[in-house]
Amino acid sequence: MASINKVIIVGNLGKDPEIRTFQGGGQVANVTIATTDKWRDKQTGDAREQTEWHRIVFSGGLAGIVGKYLHKGSQIYVEGSLRTRSWEKDGVRQYVTEIRADVMQMLGNRGNSDSTDGGNDGYGSGNSAPAPRHSSAPSQNQDEHFTERDFGDDDIPF
């Protein structure tokens, strides 16, 4: 039987990315993304919401893009897979589950990826995510879409 480990998240960064650079020049970027479910309570009619926080890890060229162009409040689309790490601290085993990002797409306006426009990112409302774009040269008004395979560590994607 086949198995699938795939995660798709569309949300906003809770704080600026944390970037680590290694001696060999490689980079890792860590971000936290908030996703919020909103609904109306059937019994009281009150509006309800619940926010979930997701830890995302970008590596290689994607880490450089994240560090350069994203900041607190930026809205992004991420595809990746779940990874659980463990370590020992003060004799106690610690665990964390993160999303290892393979694809990232910046949403919102081109010079400002904040979603301060009331959430209107051009894709409408609801739970559907934008389809990835595969054109070689995006037009000025398209959102950027990157995968780890699109460029090397020294390449600039646009």
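Residues numbered from 1 in each chain as written. Predicted model: local features only at pLDDT ≥ 70, side-chain atom pairs only at ≥ 80, totals over all residues. Heavy atoms only, no water.

As named in an unreviewed UniProt entry, the protein chain is Single-stranded DNA-binding protein, taken from Giesbergeria anulus. According to UniProt, the comment filed for the protein chain under the heading Function (unreviewed entry) is "Plays an important role in DNA replication, recombination and repair. Binds to ssDNA and to an array of partner proteins to recruit them to their sites of action during DNA metabolism." Taken verbatim from the UniProt record of the protein chain, the Subunit (unreviewed entry) comment is "Homotetramer." (UniProt positions renumbered as here; feature names shortened; annotations may be inferred.)

A.B. asks: Got a minute to help me understand the overall build of the protein chain in this structure?
C.D. replies: Counting its secondary structure elements, the protein chain contains 1 helix and 7 strands. Tracing the protein chain from N to C terminus, the helices and strands come up as β-β-β-β-α-β-β-β. For the protein chain, buried positions account for 30% of its 158 residues. Across the protein chain, contacts joining residues at least 24 apart in sequence account for 60% of those joining residues at least 6 apart. (Helix = DSSP H or I, 4+ residues; strand = E, 2+ residues; numbered from the N terminus. Buried < 20%, exposed > 50% of the residue type's maximum accessible area, 1.4 Å probe, protein only. Contact = heavy atoms within 4.5 Å.)

A.B. asks: Explanation requested: the pattern of salt bridges in the structure shown.
C.D. replies: Close approach of charged atoms allows side chains of opposite charge to pair. Per the stated rule, a full pass over the model turns up 5 salt bridges. The residue E98 makes a salt bridge to R85 at a minimum N-O spacing of 2.9 Å. One end of the pair, E98, is in strand β6 (residues 92–106); the other, R85, is in strand β5 (residues 75–89), and 13 residues separate them in sequence. Overall, E98 belongs to the buried group, its relative accessible area being 9%. (Salt bridge = Lys/Arg side-chain N within 4 Å of Asp/Glu carboxyl O.)

A.B. asks: I'm lost on the pairing of strand β1 (residues 7–13) in this one. Help?
C.D. replies: Successive side chains on a regular strand alternate, one facing one side of the sheet and the next facing the other. Looking at chain direction, β1 and β5 are connected through 6 bridges and run antiparallel. Residue pairing across strands places V7 opposite G80, the latter belonging to β5. Pairing between β1 and strand β3 (residues 27–40): 2 bridges, direction antiparallel. For L13, the partnering residue across the bridge sits in β3 and is I33. (Pairing = 2+ DSSP bridges.)

A.B. asks: What am I meant to see in the nonpolar core here?
C.D. replies: Soluble, globular proteins show a tendency: their nonpolar side chains are buried together. Ranked by size, the top nonpolar core spans 19 residues in total, and within it I33, I56, F58, I76 and M104 carry the most contacts. Only β1, β3, β4 (47–59), α1 (60–69), β5 and β6 provide two or more residues apiece to this core. Every residue in contact with I76, bar those within four places of it in the chain, is listed here: I9, V10, G11, L13, I33, F58, L70, M104, Q105, M106 and L107. (Core = buried A, V, L, I, M, F, W, Y, C linked by side-chain atoms within 4.5 Å.)

A.B. asks: Explanation requested: the side chain of E98 in the structure shown.
C.D. replies: Among the polar contacts listed, one links the side chain of E98 to the side chain of R85, at a separation of 2.9 Å. For E98, the contacting residues outside a window of four places in its chain are R55, V57, S81, L82, R83 and R85. (Polar contact = N/O pair within 3.5 Å; in protein donor to acceptor, adjacent residues only side chain to side chain.)

A.B. asks: Which parts of the structure should I look at to understand unusual backbone geometry?
C.D. replies: Residues other than glycine seldom take positive phi values, yet D90 does so here, at roughly 55 degrees. Locating D90 in the fold gives a position in the loop between β5 and β6. Taking relative accessible area as the criterion, D90 reaches 74% and is therefore assigned exposed.

A.B. asks: I would appreciate a short explanation of the side chain of H54 in the present structure.
C.D. replies: With respect to the helices and strands, H54 occurs in strand β4. Judged by relative accessible area, H54 falls into the buried class, the value being 19%. A polar contact is formed between the side chain of H54 and the side chain of T35, at a distance of 2.7 Å. Apart from residues no more than four positions distant in its own chain, H54 is found in contact with I9, V31, T32, I33, T35 and I99.

A.B. asks: Sorry, what's going on with the environment of K72 here?
C.D. replies: Relative to the elements of secondary structure, K72 occurs in the loop between α1 and β5. Of the residues examined, K72 reaches a relative accessible area of 54% and is grouped as exposed. Considered as a pair, K72 and G14 are 58 residues apart in the sequence and their alpha carbons are 5.5 Å apart.

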